[in-house]
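This is what each chain is made of:
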Amino acid sequence: MSSRVAITGIGIVSPFGRGREAALEAMRDGRSGIRCIESIDTTGLNCRIGGEVPAAAHQGMFRGVDRFSRFALLAAEEAVEQANARGAIEPERLGAIIGTGLGGCETLDGGFRRVYKDRQPRVPPMTIPLSMYNAAASAVALNFGAKGISYAPVSACASGAHAIGQAFHAIRGGHADAVLAGGADAPLTFGIILAWESMRVMAIDNEHPQSACRPFSADRKGLVLAEGAAVLLLESMEHANARGQAILGEVAGFGITSDAGHVTDPSVDGEARAIRMALRDGSVADNEVAYINAHGTATRANDLTETAAIKSVFGSGAARIPVSSTKSMHGHAMGASGAIEIACSLLALNDGFIPPTLNLDKPDPDCDLDYVPHASRPARVPLFLSHSFGFGGMNGVVALRTIHGL
Amino acid sequence: MTRAEIEQKLIELVQKEKDIPQEKLTPETLLADAGLDSLDALNVLFTIEEDFHISIPDDKARGIKTFGDMVTVVQELLPSV
């Protein structure tokens, strides 16, 4: 049994490109990765922008898998390399827990397009194994020889956070020495974008992609869909120390709750309970929290509910906690977003700054916290929270220590 | 199409799916021994159906063990001229 769980590897594939450096630079510069979608023909869509992973970041790599699995594999590879993990962890004690919201959309969309649009009689035989929700987890396990606890948490936008939280508990509970944990999604397909358009929560501003996502701003327009993956190598502190591996951070606590309320309207109670549970799980005092990476989708429902949840937990102390939404830069990558946000936060905070909330031009009077508007801010943050609140009322909050808090 | 022609076409289609040398694709070769696992074989059958515009029923597909079996099944299903 290990009471502490270290982070020894971070890998990320995002709208900023492949790798940690691209993400770190974007966070530091406060630069948006949202642009016009190029990977599909967007004729017929109202929304033609997204947080798309640039083609050069992944094309031709890890062939023969769905796009979301390819992102997961590239992120896992970067984490494994940083952690010097090849051959360093007993395969039976290594897991792969990769969450996703929507699984292999590219494969499904392509397969069904053949039948419904092109009137072809059949769908390719790999459709099921490529599109299943655990395809990315399976691909990671297979490629990196993880023979221990492996599966895919599926909880919409909380999937990535749940993957990292569950992996943390698995290691702390003695079920594994290390787990490749994170999230992956690639929902920028014609059918999925249309489906989101129907929900009328999308920021449709094709002329100004970089300013379309405006969390906590009174002139918010809604969310911007995105894609990508982030994978952390979580490892028991004893195991990492025994092999002399550099520690990049620590998962301190995890909170996981359900609203059991409304399928798409978030609840202050469900979110607040997840925050409190994460603090309690990690024996973290309220005043230790020095930054919150918000779920921050830039929908009115989220921004107000999340702000109220933070205030209900921290009371008057909420005013001193910087809260930012990096979705303003990378968009909402569904089940990958929790993992991407944890990775981006760790990279930025370890480097000595808090990532900003872009486009917060008109502060919403109902959102009155410190949202770190416009520009990154130099700061020494030992401990932070990452919020993920998914459709279905499923919440995940992860408490993490940076290198400044070890 | 003659059997030889079908055989040649199938070698092409198999190789499109997986890099298998032609000498491994004799009529007696078990597909598994040639390096086609069960999923590879499914993909090959799919490509064959697309290319020849035929539909291979499951019971016939399950009976295919060797490359020769594959040629026979395709030959049987092709409309006779």
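Source: prediction; values computed, not measured.

A. Spotlight on the overall build of chain A. The helix and strand tally for chain A stands at twelve helices and 15 strands. In terms of overall size, chain A behaves like a compact globule, its C-alpha atoms giving a radius of gyration of 19 Å where 406 residues would be expected to give roughly 22 Å. When its C-alpha atoms are laid out on the principal axes, chain A stretches across 60 × 55 × 40 Å. In chain A, which comprises 406 residues, the proportion classed as buried is 61%. Long-range pairs, those at least 24 residues apart, make up 80% of the contacts in chain A with a sequence separation of at least 6.

B. Spatial organisation of the environment of Gly50 of chain A. All names here are of chain A. Here Gly50 is to be found in strand S4 (residues 49-50). By the C-beta count within 10 Å, which is 30 here, Gly50 ends up buried. When neighbours within four sequence positions are excluded, Gly50 is seen to be in contact with Ile34, Ile37, Leu188, Val224, Leu225, Ala226 and Gly331.

C. Just the packing of helix H1 (residues 3-17) of chain B against helix H3 (residues 38-52) of chain B, in detail. Residues and elements named next belong to chain B. Packing of H1 against H3 brings their axes to within 9 Å, and their N-to-C directions diverge by 130°. What the angle tells us is that H1 and H3 run oblique. For the pair H1 and H3, the sense of crossing is right-handed. Of the residues in H3, those touching H1 at Leu10, Leu13, Val14, Lys16 and Glu17 are Asp40, Asn43, Val44, Thr47, Ile48 and Asp51. For the contact of H1 with H3, a count of residues per class yields five nonpolar, two polar and four charged.

D. Here's a closer look at the interface of chain B and chain A. Contacts between chain B and chain A engage five residues on the former and four residues on the latter. A breakdown of the residues in the side of chain B that touches chain A according to their chemical character gives three nonpolar, one polar and one charged.

E. Spotlight on the environment of Glu250 of chain A. If you trace the backbone, Glu250 of chain A turns up in strand S9 (residues 249-258). Separated by 156 residues in sequence, Glu250 of chain A and Leu406 of chain A place their C-alpha atoms 7.3 Å apart.

The rules behind each value
- Residues numbered from 1 in each chain as written.
- Chains lettered and ligands numbered in written order.
- Predicted model: local features only at pLDDT ≥ 70, side-chain atom pairs only at ≥ 80, totals over all residues.
- Helix = DSSP H or I, 4+ residues; strand = E, 2+ residues; numbered from the N terminus.
- Rg over C-alpha atoms; globule rule 2.2 N^0.38 Å.
- Buried ≥ 20, exposed ≤ 12 C-beta atoms within 10 Å, placed from the backbone.
- Contact = placed C-beta atoms within 7 Å.
- Axes fitted to C-alpha atoms, helices over the stretch in contact; angles between N-to-C directions.
- Parallel < 35°, antiparallel > 145°, perpendicular 65-115°, else oblique.
- Left-handed = near helix turned anticlockwise from the far one by under 90°.
- Nonpolar A, V, L, I, M, F, W, Y, C, P; charged D, E, K, R; others polar.

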